[in-house]
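# Per-entry structural report
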Protein chains: 2
Amino acid sequence: MSKYNQHHIDRFSTIFNALSNPHRLQIYTLLSGCCTPGTDCNIDNITSCCVGDLGSELDIAASTLSHHLKELSRAGLINMQRDGKQVICSANSEILNDIRQYFQGNPEVHHES
Amino acid sequence: MSKYNQHHIDRFSTIFNALSNPHRLQIYTLLSGCCTPGTDCNIDNITSCCVGDLGSELDIAASTLSHHLKELSRAGLINMQRDGKQVICSANSEILNDIRQYFQGNPEVHHES
DNA sequence: TCTATATTTCGAAACATGTCGAAATATAAT
DNA sequence: ATTATATTTCGACATGTTTCGAAATATAGA
């Protein structure tokens, strides 16, 4: 894990910053809802849901939720796409893999360099 | 990963908050310097070094470094113990395992509950 | 005890973040 | 066109963070 350079440090600190707020971590945890009990962990098994659905879980103002989603999106952790009246959010599985690899200590496997 | 409760969310958001600052992430990455290239990843292979050594790497005021170390320590990510004039810092490998498991999505394996 | 080295605490300045409500925008249905 | 629903942008406020230098504390050695 010590072989990461400044570029990696900046990238991952941005990612961890996005996950450093309880509301945002809850959103991200909901969206990357793979690995339910009794299931093999499978990163393709990612859920998606619209902004309103997330709002029902969180008890914060819609404007605050929107702000947090933008932060998660800026960090590359989630994708958002409009579908009619709603905006569908989903976890970005590539980044989830990058994070896993970061904590395993293998910088050379990252998809960006 | 969706089976984490509020307690987990609060705990991990605190951890990610500690890693959300580039200087702190650099410190933590230095301290959890396992898995050098050509080496099998082995979390027992954790380095330790004193505050002054870390300061030589970072180009920030000593008081700032001290503040960051306190943050990492508060989050449980590192241990600090005085040895004579120096204070020795080391990564906490249990927490590193918890983080790995968080991103693997297995809440039931955590050492605290 | 006096001095040198290592680290922390304190206080202050600059900056960033989380939150809200109100207003704006986007889309679909009537 | 008007209305209803979903989401975002804006402006503001309170709070938290990062950083520093100066002063304080801890330890070891002369």
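Everything numeric here is computed off the predicted structure, so don't read it as measured data. Positions within a chain are numbered from 1, following the residues in the order the chain's sequence is written. Throughout, the order in which chains and ligands are written sets their labels, letters from A for the former and numbers from 1 for the latter. Selection of residues for local features in this predicted model requires a pLDDT of at least 70, selection of side-chain atom pairs for listing and counting requires 80 or more, and totals for whole chains, interfaces and linings are taken over all residues. Excluding hydrogens and water, the side-chain values take into account all heavy atoms of the structure.

### Thoughts on the nonpolar core
For clarity, the cut-off: As used here, the term nonpolar core means buried Ala, Val, Leu, Ile, Met, Phe, Trp, Tyr and Cys residues forming a set that is joined through side-chain atoms within 4.5 Å. Relative accessibility under 20% of the residue-type maximum defines a buried residue, over 50% an exposed one, and the middle range a partly exposed one, all with a 1.4 Å probe and only protein chains included. Contact criterion: two residues are considered in contact whenever any of their non-hydrogen atoms come within 4.5 Å of each other.
If you look at the biggest cluster of nonpolar residues, it comprises 53 residues, and the most contacted ones within it are Phe16 and Leu77 of chain A together with Phe16 and Leu77 of chain B. Apart from the residues within four sequence positions on either side, Leu77 of chain A is in contact with Ile15, Ala18, Leu19, Tyr28, Leu72, Ser90, Ala91, Asn92, Ile95 and Ile99 of chain A.

### Quick look at the protein's contact with DNA strand C
Heads up, the condition is: Whether a residue is near a molecule or strand depends on its heavy atoms: if one lies within 4 Å, it is near. By the criterion applied in these results, polar contacts are pairs of N or O atoms within 3.5 Å in which, for protein atoms, one can donate a hydrogen and the other can accept it, and in which residues neighboring in sequence qualify only through two side-chain atoms. Labels follow the DSSP assignment, with helices taken as runs of H or I lasting at least four residues and strands as runs of E lasting at least two, numbered in each case from the N terminus. When residue character is reported, Ala, Val, Leu, Ile, Met, Phe, Trp, Tyr, Cys and Pro are called nonpolar, Asp, Glu, Lys and Arg charged, and the others, Gly included, polar.
As a matter of local geometry, DNA strand C sits amid 24 residues, with Thr64 and His68 of chain A together with Gly52, Ser63 and Ser66 of chain B nearest to it. The sugar-phosphate share of atoms of DNA strand C within 4 Å of the protein amounts to 72%. Ser66 of chain B is positioned with one of its side-chain polar atoms (N or O) 2.9 Å from a phosphate oxygen of DNA strand C. Val87 of chain B is positioned such that a nitrogen or oxygen atom in its backbone is 3.2 Å from a phosphate oxygen of DNA strand C. For the surface near DNA strand C, the secondary-structure elements that each account for two or more residues are α2 (22–31) and α4 (62–74) of chain A together with α3 (51–58), α4 (62–74) and β3 (86–91) of chain B. In the surface near DNA strand C, the residues fall into 7 nonpolar, 12 polar and 5 charged.

### Some points on the pattern of salt bridges
All names here are of chain A. Applicable threshold: Salt bridges are defined by distance alone: a side-chain nitrogen of Lys or Arg within 4 Å of a carboxyl oxygen of Asp or Glu.
Within this structure, the stated rule accounts for 4 salt bridges over all chains. Salt-bridge contacts for Arg11 lead to Asp98; the nearest nitrogen and oxygen are separated by 2.8 Å. Residue Arg11 is found in helix α1 (residues 6–18), and its partner Asp98 is found in helix α5 (residues 93–104); the two are separated by 87 residues along the sequence.

### Details of the protein's contact with DNA strand D
As a structural note, the neighbourhood of DNA strand D is formed by 23 residues, with Gly52 and Ser63 of chain A together with Arg24, Thr64 and His68 of chain B the closest of them. A breakdown of the atoms of DNA strand D within 4 Å of the protein gives sugar and phosphate a share of 74%. For the surface near DNA strand D, the secondary structure elements donating two or more residues are α3 (51–58), α4 and β3 (86–91) of chain A together with α2 (22–31) and α4 of chain B. Across the surface near DNA strand D, the residue classes tally to 7 nonpolar, 11 polar and 5 charged.

### Some points on the environment of Asp98 of chain A
Classification of Asp98 of chain A by relative accessible area gives buried; the value is 3%. Separated by 86 residues in the primary sequence, Asp98 of chain A and Phe12 of chain A have C-alpha atoms spaced 9.2 Å apart.

### Some words on unusual backbone geometry
Working note: non-glycine residues mostly have negative phi, and peptide bonds are mostly trans. Located in the positive-phi region is Asp59 of chain A, a residue other than glycine, with phi close to 55°. Mapped onto the elements of the fold, Asp59 of chain A is located in the loop between α3 and α4.

### Topic: the packing of aromatic side chains
Defined as follows: Aromatic rings from Phe, Tyr and Trp, with only the six-membered ring used for Trp, were paired whenever their centres fell within 6.5 Å, and each pair was classed as stacked if the ring planes differed by under 30 degrees, edge-to-face if by over 60, and tilted otherwise. A ring is considered to have a charge above it if a Lys NZ or an Arg CZ atom is located within 6 Å of its centre and within 35 degrees of its normal.
Overall, the coordinates contain 12 aromatic pairs over all chains when judged by the stated rule. Relative to Phe16 of chain B, the ring of Phe16 of chain A lies with its centre 5.9 Å away and its plane at 5°, an arrangement referred to as stacked. Of this pair, Phe16 of chain A sits in helix α1 while Phe16 of chain B sits in helix α1 (residues 6–18), each in a different chain. In textbook terms, an aromatic cluster arises when at least three aromatic residues are bridged by ring pairs, as seen for Phe12, Phe16, Tyr102 and Phe103 of chain A together with Phe12, Phe16, Tyr102 and Phe103 of chain B. Just above the ring of Phe12 of chain B sits the side chain of Arg11 of chain B; from NZ or CZ to the centre is 5.4 Å.

### Considerations on the confidence of the model for chain A
Residues and elements named next belong to chain A. Threshold: pLDDT expresses how confident the predictor is about each individual residue, on a scale running from 0 to 100.
Model confidence for chain A is summarised by a mean pLDDT of 84, while 77% of its residues fall at 70 or above. Here strand β1 (residues 48–50) is the element of chain A with the lowest mean pLDDT, 85, and α4 is the one with the highest, 98. This stretch, residues 34–46, has a pLDDT under 50; its non-local contacts, to residues over four places away or in other chains, come to 25 contacts. Here residues 108–113 is a poorly scored stretch, pLDDT under 50, and it has 14 contacts once near neighbours within four places are set aside; other chains count.

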